[in-house]
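Fold and geometry: a report
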Amino acid sequence: MTRIIGLILLFLIGNGSAISQELNATVQVLHPSIQTSNQELFPNLKKAIENVVNYTVWTGETFEIEERIRCSFVLTINAASGNNYSGSLQVNYSRPIYNSSYDSPVLNYIDNDITFNYIENQPLEYVENQHESNLTSILSFYSFLVIALDKDTYLLEGGEMYYTKAQNVVSMAQSDGSAKGWKSFDGSKNRFWLIDNLMNSGFSDIRSCYYNYHLNGLDRMWNEDNQTAAKGVINQSLMDLKTIYEKRPNAFILQIFFDAKSDEIVNIFKSGPSMDTKQLVTVLKLIDSGRSSKYEGINR
């Protein structure tokens, strides 16, 4: 049914309709060490991934074509045995900033627990409350995650419904005993812990940070008269992340946040109106200690 809906929507889009799905994802399938006599296998897998990500109805909301959320999925296949494959998936999402050509990185994550079975020309299809296949569940999880993060940057805790849907995907996928990344004991940094951290009420400052940093910070930077106040909001939203560190120093969500944001943070505070950043740099070096030397550049 989802596939049929997607084909109908493709027809409508081609005929000038404003109806479109939520995601506008570019997809790559890389297989640097995998040789196959079937030259269509990986291109067909790429098309199958594009279909499930871009033409599934994830929210039921109406998105204009230009409003679709731009993101990317890069699947790298490192091993293959019959119809079974394993590798990694890199998911990137950047949010457009108001009145500018700049896109702010929000998610830049590589999931190394990718295993799946794929039979050529067998469609991938998301069905709510079901675990159709491990690849479909992985793609569904990250599709909901991107949508939820996008919502959080525009409305305080606006992504709640879609984090819940992502968590439901995790719950359904736990029935697959052979698939890694869905359970708490599969490791300390996986899909289970990513959504757990985002929905943990004790870590609510990360959700507030996504909102204030983008909507009340970056979105106001276009006006020079607002830049000092906007940088102050970004400064405070980052300072507030210390509460998460104090509760759980190795919280996975802090790594996720700073993997995407560290370069941008340095650029924000090195340029534009000057402000006292000594306290901010101290906090950044504490909660993201692996990049301490990078943050020292803010005060130079």
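Residues numbered from 1 in each chain as written. Predicted model: local features only at pLDDT ≥ 70, side-chain atom pairs only at ≥ 80, totals over all residues. Heavy atoms only, no water.

So, on to the overall build of the protein. From N to C terminus, the protein includes eleven helices and four strands. Against the 2.2 N^0.38 benchmark of 19 Å for 300 residues, the protein shows a C-alpha radius of gyration of 20 Å, consistent with a compact globule. Each principal axis of the C-alpha atoms in the protein carries an extent, and together these give about 60 × 45 × 35 Å. Looking at the protein residue by residue over its 300 residues, the buried ones come to 48%. Long-range contacts, defined here as pairs at least 24 residues apart, represent 68% of the contacts in the protein between residues at least 6 apart. When the accessible area of the protein is evaluated, it comes to approximately 14,000 Å², of which 48% is carbon and sulfur surface. Positive and negative side-chain charges of the protein, numbering 25 and 33 respectively, have mean locations separated by a distance of 6 Å. (Helix = DSSP H or I, 4+ residues; strand = E, 2+ residues; numbered from the N terminus. Rg over C-alpha atoms; globule rule 2.2 N^0.38 Å. Buried < 20%, exposed > 50% of the residue type's maximum accessible area, 1.4 Å probe, protein only. Contact = heavy atoms within 4.5 Å. Areas by Shrake-Rupley, 256 points an atom, 1.4 Å probe, with all protein chains shown as cover. Lys, Arg positive; Asp, Glu negative; His and termini not counted. Charge placed at Lys NZ, Arg CZ, Asp CG, Glu CD.)

It is worth spelling out the layout of surface pockets at this point. As a volume, the largest pocket reaches approximately 240 Å³. Contributing to the lining of the largest pocket are 15 residues, with P249, N250, Q255, I287 and D288 lying nearest its centre. The dominant element in the lining of the largest pocket, judged by the number of residues it contributes, is helix α9 (residues 252–270), at four residues. Per-class residue counts for the lining of the largest pocket are eight nonpolar, four polar and three charged. (1 Å grid on protein atoms, 1.4 Å probe; cavity = no way out; pocket = protein on both sides within 12 Å on 5 of 7 lines; lining within 4 Å. Points joined across faces, edges and corners; volume = space filled by probe spheres on them. Nonpolar A, V, L, I, M, F, W, Y, C, P; charged D, E, K, R; others polar.)

Scanning the entire structure with this criterion turns up 13 salt bridges. Taking the shortest distance from any N to any O, the salt bridge between D103 and R70 comes out at 3.0 Å. In this pair, D103 sits in strand β4 (residues 103–117) while R70 sits in strand β2 (residues 69–81), placing the two residues 33 residues apart along the sequence. By relative accessible area, D103 is classed as partly exposed at 29%. Across the salt bridge formed by R207 and E160, the nearest N and O atoms sit 3.0 Å from each other. Linking R207 in helix α6 (residues 204–217) with E160 in helix α4 (residues 160–173), this pair joins segments that are 47 residues apart in sequence. When its relative accessible area of 33% is taken as the criterion, E160 is described as partly exposed. Each of D152, E160 and R207 takes part in a single network of salt bridges with overlapping partners. (Salt bridge = Lys/Arg side-chain N within 4 Å of Asp/Glu carboxyl O.)

With respect to the element layout, S274 can be found in the loop between α9 and α10 (278–287). A sequence separation of 155 residues divides S274 from I119, and the C-alpha atoms of the two residues are 57 Å apart.

Moving on: the side chain of T76. Here T76 lies in strand β2. In contact with T76, not counting residues within four places along its chain, are L30, P32, S86, G87 and S88.

Side chains L23, A25, V27 and V29 project from strand β1 (residues 23–30) onto a buried face, and the interleaved N24, T26, Q28 and L30 project onto a face without burial. As paired elements, β1 and β2 share eight bridges and run parallel to each other. Pairing of L23 across the sheet is with I69, part of β2. With helix α2 (residues 41–55) bridging β1 and its parallel neighbour β2, the resulting β-α-β unit is left-handed. (Pairing = 2+ DSSP bridges. Right-handed = clockwise from strand over helix to strand, strands pointing away.)

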